[in-house]
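What follows is each chain in one-letter form.
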Amino acid sequence: MTFSSAVGRFRIFALAEAISWAGLLLGMFFKYVVVQNEIGVKIFGPIHGAIFVGFVLVTLMAKDPLKWDVRTLVIGLLSSIPPFGTVVFERWASKTGRLTETAAEQL
């Protein structure tokens, strides 16, 4: 995975978005169940927010190089809403050939 291609950027942000969701959910668990302390949410909330915005931008920028139709783009954007949805979408897109670039487009 590398930032030099649309596929690499998308995969990195999809994974990062899922990890930040996990951190935010863990912070919410500690806030509301274990210790009633907001530190986890205060840390992971802004991190998740920034990565979420990055994922949306990377997804929008991936549409043309990856030749996604509007349906695939919308599903990709909606995948950022449920926890770990970006990983599910990334795996589906990879299996269905939606995360491939031709050699000419990678240059």
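Scroll up to find the structure this text is about.
Let us look at the structure shown here. (Residues numbered from 1 in each chain as written. Predicted model: local features only at pLDDT ≥ 70, side-chain atom pairs only at ≥ 80, totals over all residues. Heavy atoms only, no water.)

1. Structural notes on the overall build of the chain
What the chain contains, in helices and strands, is five helices and zero strands. Listing each helix as α and each strand as β along the chain from the N terminus yields α-α-α-α-α. When the backbone C-alpha atoms are referred to their principal axes, the chain occupies close to 55 × 25 × 20 Å. Within the chain, the proportion of its 107 residues that are buried is 34%. Carbon and sulfur atoms make up 71% of the accessible area of the chain, which amounts to about 6,400 Å² in all. Computing the positive centroid from 10 side-chain charges and the negative centroid from 7, the chain places the two 4 Å apart. (Helix = DSSP H or I, 4+ residues; strand = E, 2+ residues; numbered from the N terminus. Buried < 20%, exposed > 50% of the residue type's maximum accessible area, 1.4 Å probe, protein only. Areas by Shrake-Rupley, 256 points an atom, 1.4 Å probe, with all protein chains shown as cover. Lys, Arg positive; Asp, Glu negative; His and termini not counted. Charge placed at Lys NZ, Arg CZ, Asp CG, Glu CD.)

2. A few points about the environment of arginine 9
Note on placement: arginine 9 falls in helix α1 (residues 6-34). Taking the C-alpha atoms as reference points, arginine 9 and leucine 66, 57 residues apart in sequence, are found 12 Å from one another.

3. Focus on helix α2 (residues 39-62)
Look at α2: 34 Å from first C-alpha to last across 24 residues, which is about the 34 Å you get at 1.5 Å a residue. If you check which residues of α2 are buried, you get Gly40, His48, Ile51, Gly54, Phe55, Val58, Thr59 and Ala62. Turning to α2, the residues buried within the fold contact α1, α3 (70-78) and α4 (85-95). (Expected span 1.5 Å × (residues − 1). Contact = heavy atoms within 4.5 Å.)

4. Regarding the nonpolar core
Membership of the largest hydrophobic core is limited to 12 residues, which are Ala6, Val7, Phe10, Ala14, Phe55, Val58, Ala62, Leu66, Trp68, Phe89, Ala93 and Leu99. Listing elements by their share of this core, those giving two or more residues are α1, α2 and α4. Take this core: its biggest share by element is four residues, from α1. Dropping the residues within four chain positions of it, phenylalanine 89 is found in contact with Phe10, Trp68, Thr72, Ile75, Gly76 and Ser79. (Core = buried A, V, L, I, M, F, W, Y, C linked by side-chain atoms within 4.5 Å.)

5. Let's talk about the side chain of histidine 48
Summarising the element assignment, histidine 48 is placed in helix α2. The buried category is assigned to histidine 48, whose relative accessible area is 10%. If near-sequence neighbours (up to four positions away) are discounted, histidine 48 is found in contact with Glu17, Ser20, Trp21 and Leu24.

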